[in-house]
Amino acid sequence: TQDIPQGRKIERLLRGTKYMYYQPDYRRKPNEKTWLLVCVHGGNLDVDAMFETCVDTGRKLQVAVLAPYFDYSNFAEYGDLNIRGDRADRRLLEIIEHLGTKTDINTRQFYLYGNGEGAEFIQRFAYAYPERVARAVILYTDQGRLVELNTQVFFPQGLKTNPFAPDLKFNFDTILPIDMVFLKGALDTTRGTPIDRYLEKIKSLSNQYGIKNRVRQVLANDWAQIS
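Going along each chain's sequence as written, the residues are numbered from 1 onward. A pLDDT threshold of at least 70 governs which residues receive local features in this predicted model, and a stricter bar of 80 or more applies before side-chain atom pairs are shown or counted, although totals over entire chains, interfaces and linings include all residues. As a rule here, side-chain values cover all heavy atoms of the structure and leave hydrogens and water aside.

Caption draft 1: Inspection of the sheet that holds strand 5 (residues 110-115) at higher detail. Two strands are said to pair when DSSP picks up at least two bridges between them. In this description a helix means any DSSP run of H or I spanning at least four residues, a strand means any run of E spanning at least two, and both kinds are numbered starting from the N terminus. On the basis of which strands lie adjacent, the open sheet formed by eight strands has the order 1-2-4-3-5-6-7-8 and mixed pairing. Each having just a single partner strand, strand 1 (9-14) and strand 8 (214-219) make up the two edges of the open sheet. Ignoring strand direction, the axes of neighbouring strands in this sheet form an average angle of 20 degrees. Judged from the four bridges that link them, strand 3 (residues 36-40) and strand 5 form a sheet pairing that is parallel. Note on definitions: angles span 0 to 180 degrees between N-to-C directions of axes, and those axes are lines fitted to C-alpha atoms, for helices only across the stretch in contact.

Caption draft 2: Structural context of the packing of aromatic side chains. Working definition: rings of Phe, Tyr and Trp (its six-membered ring) pair if their centres are within 6.5 Å, and the pair is stacked with planes under 30 degrees apart, edge-to-face with planes over 60 apart, and tilted otherwise. For the structure on display, the rule yields eleven aromatic pairs. A centroid spacing of 5.5 Å and a plane angle of 50 degrees characterise the contact between Trp35 and Tyr111, whose relative ring orientation is tilted. Note that Trp35 is positioned in the loop between strand 2 (17-22) and strand 3 and Tyr111 in strand 5, a separation of 76 residues in sequence. The burial state of Trp35 is the same as that of Tyr111; both residues are buried. Seen in terms of ring centroids, Phe70 and Phe121 are 5.4 Å apart; in terms of plane orientation they differ by 40 degrees. Their pairing is tilted. You can see Phe70 sitting in the loop between strand 4 (64-68) and helix 2 (88-102) and its partner Phe121 sitting in helix 3 (residues 117-128), a full 51 residues away along the chain. On the basis of relative accessible area, Phe121 is assigned to the buried category, the value being 0%. Each residue in the set Phe70, Tyr72, Phe75, Tyr78, Phe110, Phe121, Phe125 and Tyr129 is aromatic and connected to the rest through ring pairs, giving one cluster. We call a charge positioned over a ring when the NZ of a Lys or the CZ of an Arg lies within 6 Å of the ring centre and within 35 degrees of the ring normal. Positioned over the ring face of Tyr22 is Arg59, at 5.3 Å from the centre of the ring. If you follow Arg84 out to its NZ or CZ, it ends over the ring of Phe164, 4.3 Å from the centre. Residue exposure (1.4 Å probe, protein chains only): buried if accessible area is under 20% of the type maximum, exposed if over 50%, otherwise partly exposed.

Caption draft 3: Region of interest: the pattern of salt bridges. By definition here, a salt bridge exists when the distance from a side-chain nitrogen of Lys or Arg to a carboxyl oxygen of Asp or Glu is within 4 Å. Throughout the structure, instances matching the rule amount to 15 salt bridges. As a salt-bridge pair, Glu94 and Arg91 come within 3.0 Å of each other at their nearest N and O atoms. Pair noted here: Glu94 and Arg91 are both in helix 2, with a separation of three residues, about one helical turn. Look at Glu94 and you get partly exposed, because its relative accessible area is 30%. Shared partners join several salt bridges into a network, and the residues in it are Arg15, Asp86, Arg91 and Glu94.

Written as structure tokens, this is what we have:
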């Protein structure tokens, strides 16, 4: 029931889940709804640092910023959408829909950014809800767990519908066209990394199914990739 102020950083709760939110006090285009950037923290749970970083970007690009806090007490496996418990994907969508009733943000599609376990969440969320994703930006490390592009392996490891989350369906027709950006360090010049192999697999599947993909890898400091 609280109003959502513009031009200020706020912290609120929805159904016991903390979230941090910022909305610019003017729009880039007067007749267009404000775009939303959702930022998901890593396994260190430092949502404050994540939020501050994303707000800097939000101010530059004039987009709203949402950073949910997935605490381990309620969302122990949030990187996997916590499908065996209180679903992290559903809670995020509830927060976004709530904000949509209070503000002028675009809730139909939004940008996504995550690192560490947050990156795992972002990729799985994007594959589960491709129609909601304007662009997914993933800061990936070699310790991260990429989703196997295999329909015979159960989600969240692969793309076969999991009995714990029967509502989540996956197919290459919707997954391959997702605008997904993997970020790499500016000093990382190595080739043959897990991401390189992953991108090659996506290209192979795109050729096999005749579906154009929009997955790419860029330097981690190039935030313009989300705009």
